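Here is what each chain is made of, one letter per residue.
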Amino acid sequence: MTKDTERLIRDSWLRLFPLRLATAQRFYERLFEIDPTAKALFDGKPMHVQHEKFVQTLDTLVQMLDFPADIIGELQALAHRHVDYGVTLEQYATVGTALLWALERGMGSGWTPDVQRAWIELYLLIEGVMKRAVSGTATE
């Protein structure tokens, strides 16, 4: 990931930060719309808590961009927790779709093609590390 890509991610996240919980809510609404099976993973859990966890995770990843080894370790641990929750490898694609959709709506005119490419690159990194971490462990 280039420094310019990291800058785009940081700047756009900073701009979105005041709307972070609304963005998290949009993310989950979209995720459940495009993958209704994902909703069962959250049965009985207060969604406002999930919204905060989602935002904290994104914020941590953005803050760790300067520390690639740390970000990989964090993502590997996150991947293993997600296996325990019942997340399948196929669900990573819908999570990425829902994430980009929610970010775009939250950022409005700030969602430029460059910002979109930067977030896609970050999500592909996240997805790749997490899927490799649990290959053979997650439900396929």
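Here, the structure is the one placed above.
Attention in this report is confined to the structure presented alongside it.

Basis of the calculations
- As a convention, each chain's residues are numbered from 1 in the sequence order in which they are written.
- It should be noted that, the model being predicted, local features are given only for residues of pLDDT at least 70 and side-chain atom pairs only at 80 or more, the latter also being counted only at that level, while totals for whole chains, interfaces and linings use all residues.
- Values shown for side chains rest on all heavy atoms present in the structure; no hydrogens or waters enter the calculation.
- In what follows, salt bridge is the name for a side-chain nitrogen of Lys or Arg lying within 4 Å of a carboxyl oxygen of Asp or Glu.
- Under the DSSP-based scheme used, a helix requires at least four consecutive residues in state H or I and a strand at least two consecutive residues in state E, with every element numbered from the N terminus.
- Any residue under 20% of the maximum accessible area for its type is buried, any over 50% is exposed, and the rest in between are partly exposed; the area is computed with a 1.4 Å probe on protein chains only.
- In what follows, a contact means two residues having at least one pair of non-hydrogen atoms within 4.5 Å.
- Helix span, as expected, comes to 1.5 Å for every residue beyond the first.
- Every axis in this analysis is a line fitted to C-alpha atoms, fitted for helices over the stretch in contact. Angles between the N-to-C directions lie between 0 and 180 degrees.
- Oblique is the label for any angle not covered by the other classes, which are roughly parallel (under 35 degrees), roughly antiparallel (over 145) and roughly perpendicular (65 to 115).
- Here is the rule for handedness: rotate from the far helix to the near one, and if that takes an anticlockwise turn smaller than a right angle the crossing is left-handed, while a clockwise turn gives right-handed.
- Side-chain classes follow a simple rule in which Ala, Val, Leu, Ile, Met, Phe, Trp, Tyr, Cys and Pro form the nonpolar group, Asp, Glu, Lys and Arg form the charged group, and the remainder, Gly included, forms the polar group.
- To qualify as a nonpolar core, a set must consist of buried Ala, Val, Leu, Ile, Met, Phe, Trp, Tyr and Cys residues joined through side-chain atoms within 4.5 Å.

### Remarks on the pattern of salt bridges
Opposite charge on two side chains makes pairing possible when the charged atoms of those side chains draw close.
Part 1 of the argument: What the rule picks out here adds up to 10 salt bridges.
Part 2 of the argument: For Asp 66, the salt bridge goes to Lys 3, with nearest N and O atoms at 3.6 Å. A residue pair is termed long-range when its members are at least 10 positions apart, and Asp 66 in the loop between helix H3 (47-63) and helix H4 (68-85) and Lys 3 in helix H1 (residues 3-16) qualify at 63 residues.
Part 3 of the argument: Given a relative accessible area of 60%, Lys 3 falls into the exposed group.
Part 4 of the argument: As a salt-bridge pair, Arg 10 and Glu 6 come within 3.8 Å of each other at their nearest N and O atoms. Placement of both Arg 10 and Glu 6 in helix H1 is noted, with a separation of 4 residues, approximately one turn of the helix.

### Describing the side chain of Thr 94
Part 1 of the argument: With respect to the secondary-structure elements, Thr 94 resides in helix H5 (residues 91-107).
Part 2 of the argument: Setting aside residues up to four positions removed in sequence, Thr 94 forms contacts with Leu 31, Ile 34 and Asp 35.

### Structural notes on helix H6 (residues 113-134)
Part 1 of the argument: The terminal C-alpha atoms of H6, which comprises 22 residues, lie 31 Å apart, in line with the 32 Å expected from a rise of 1.5 Å per residue.
Part 2 of the argument: Listed as buried for H6 are Val 115, Ala 118, Trp 119, Leu 122, Tyr 123, Ile 126, Glu 127, Gly 128, Val 129, Met 130 and Val 134.
Part 3 of the argument: Tucked inside the fold, the buried residues of H6 contact H1, H3, H4 and H5.

### Quick word on the packing of H4 against H6
When two helices pack together, their arrangement is given by the angle between the helix axes and the distance between those axes.
Part 1 of the argument: One way to put it is that H4 packs onto H6 with a least axis distance of 8 Å and a crossing angle of 60 degrees. When the axes of H4 and H6 are compared, the pair comes out oblique. In this structure, the crossing between H4 and H6 has a hand that is right-handed. Residues Ile 72, Leu 75, Gln 76, Leu 78, Ala 79, His 80, His 82 and Val 83 of H4 form the contact with H6, whose participating residues are Ile 126, Val 129, Met 130, Ala 133 and Val 134.
Part 2 of the argument: Looking at the contact of H4 with H6 residue by residue, the classes come out as 10 nonpolar, 3 polar and no charged.

### Re the nonpolar core
Part 1 of the argument: Grouped together as the largest cluster of nonpolar side chains are 43 residues, with contacts concentrated most on Phe 27, Phe 54, Leu 75 and Trp 119.
Part 2 of the argument: Elements represented by at least two residues in this core include exactly H1, helix H2 (20-34), H3, H4, H5 and H6.
Part 3 of the argument: The biggest single contributor to this core is H6, with 9 residues.
Part 4 of the argument: Apart from the residues lying within four places of it in its own chain, the contact partners of Leu 75 are Leu 61, Ile 126, Val 129 and Met 130.

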